[in-house]
Amino acid sequence: MKHWEHFLEPYKQAVEELKVKFRGMRNQYEQNTDHSPIEFVTGRVKPIASILDKANQKGVSLEKLEEEMQDIAGLRIMCQFVDDIKPVVELLRNRNDFEIVEERDYISYKKASGYRSYHVVIRYPVQTINGEKKILAEIQIRTLAMNFWATIEHSMNYKYKGQIPEEIRLRLKGAAEAAFRLDEEMSKIRDEIQEAQVFFSRKKEMQQNEEK
């Protein structure tokens, strides 16, 4: 266990640092515009059991984990609208505090299961007492609807150990399409939604000021 704690510590540090940086991006948008493409940010380090399971499935030896497993450190950036995803990707491309290793567009090219998301794999430098250590981290950028579906599908895969019954698999695929249609419909009334959100936020702010 001590070996794992030592191994995972830089990943934990990377997740915490990146969450602060990405939330800072969101705060800057809120201060400068009425709309932020970033709704919220989450992050996690993959549990040891999940690391071992994936390593076994992919045929990755423990000695090769740092080089070949890209998602031990994982971040998720949630967006309200599909159209917000591209600006967020551009923001990541323009940063100079990490290197982008790979991009995978599962929105334009969805998986057979119906899964949609945009993945950016980065090499992030962590400063440790022993010097700089560069680790791989995966950033998933998706809408709230995509995230809801992906969370359910992940739970089903875990329950059925990757062998989801055909009927449930087809229903999940149909649900993925329904979620994407919801995203498309929301995009069509994006301006009205944003105006309503700005109006609501300002009204709430005025009420809070009056109560002081």
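See above for the structure.
I will try to describe carefully the structure that is included in this document. (Residues numbered from 1 in each chain as written. Predicted model: local features only at pLDDT ≥ 70, side-chain atom pairs only at ≥ 80, totals over all residues. Heavy atoms only, no water.)

## Digging into the overall build of the chain
Item 1. Of regular secondary structure, the chain possesses seven helices and five strands.
Item 2. Over its C-alpha atoms, taken along the principal directions, the chain stretches across nearly 55 × 50 × 35 Å.
Item 3. Residues classed as buried in the chain amount to 38% of the 212 residues present.
Item 4. If you take every contact in the chain between residues at least 6 apart in sequence, the share linking residues at least 24 apart comes to 64%. (Helix = DSSP H or I, 4+ residues; strand = E, 2+ residues; numbered from the N terminus. Buried < 20%, exposed > 50% of the residue type's maximum accessible area, 1.4 Å probe, protein only. Contact = heavy atoms within 4.5 Å.)

## What to know about the environment of Asn32
Item 1. Along the chain, Asn32 falls in helix H1 (residues 2–32).
Item 2. Under the relative-accessibility criterion, Asn32 is labelled exposed at 65%.
Item 3. One polar contact links the side chain of Asn32 to the main-chain carbonyl oxygen of Gln28, over a distance of 2.8 Å. (Polar contact = N/O pair within 3.5 Å; in protein donor to acceptor, adjacent residues only side chain to side chain.)

## Digging into the sheet that holds strand S2 (residues 73–79)
Item 1. Across the sheet, five strands lie side by side as S1-S2-S5-S4-S3; this open sheet has mixed pairing. Looking along the sheet, the strands with just one partner apiece sit at the ends: strand S1 (40–45) and strand S3 (99–105). Averaged over all pairs of adjacent strands, the angle between strand axes in this sheet comes to 25°, irrespective of strand direction.
Item 2. For S1 and S2, the ladder comprises six bridges, and the chain directions are antiparallel. Each residue of the ladder has a partner; that of Phe40, found in S2, is Met78.
Item 3. Each of S2, S3, strand S4 (118–128) and strand S5 (131–143) touches helix H4 (residues 85–93); the most contacted strand, S5, lies at about 170° to it. (Pairing = 2+ DSSP bridges. Axes fitted to C-alpha atoms, helices over the stretch in contact; angles between N-to-C directions.)

## With respect to the environment of Asp84
Item 1. Of note, Asp84 is situated in the loop between S2 and H4.
Item 2. On the accessibility criterion, Asp84 (2% relative accessible area) is buried.
Item 3. Once the C-alpha coordinates of Asp84 and Ile38 are considered, the two residues, 46 residues apart in sequence, prove to be 7.5 Å apart.
Item 4. Sequence-distant contacts of Asp84, defined by excluding residues within four places in its chain, comprise His35, Pro37, Cys79 and Arg190.
Item 5. Among the polar contacts listed, one links the side chain of Asp84 to the side chain of His35, at a separation of 3.2 Å.

## Some thoughts on the pattern of salt bridges
Where side chains of opposite charge bring their charged atoms close, a pairing between them can arise.
Item 1. In the structure shown here, the tally under the stated rule is 19 salt bridges.
Item 2. In this structure, the salt-bridge partner of Glu67 is Lys64, at a minimum N-O distance of 3.8 Å.
Item 3. Glu138 is the salt-bridge partner of Arg104, the closest N and O atoms lying 2.7 Å from each other. With Arg104 in strand S3 and Glu138 in strand S5, the pair connects residues that are 34 residues apart, well separated along the chain. The pair formed by Arg104 and Glu138 is uniform in burial state, with each residue classed as buried.
Item 4. Salt bridges linked by common partners bring Lys21, Arg95 and Asp97 together as one network. (Salt bridge = Lys/Arg side-chain N within 4 Å of Asp/Glu carboxyl O.)

## Remarks on the nonpolar core
Item 1. With 39 residues, the main nonpolar core has Phe22, Leu65, Ile77, Ile85, Ile122, Ile139 and Ile141 as its most contacted residues.
Item 2. If you list the elements that add at least two residues to this core, you get H1, helix H2 (48–58), S2, H4, S4 and S5.
Item 3. Ranked by the residues each element gives to this core, the list is headed by H1, at nine residues. (Core = buried A, V, L, I, M, F, W, Y, C linked by side-chain atoms within 4.5 Å.)

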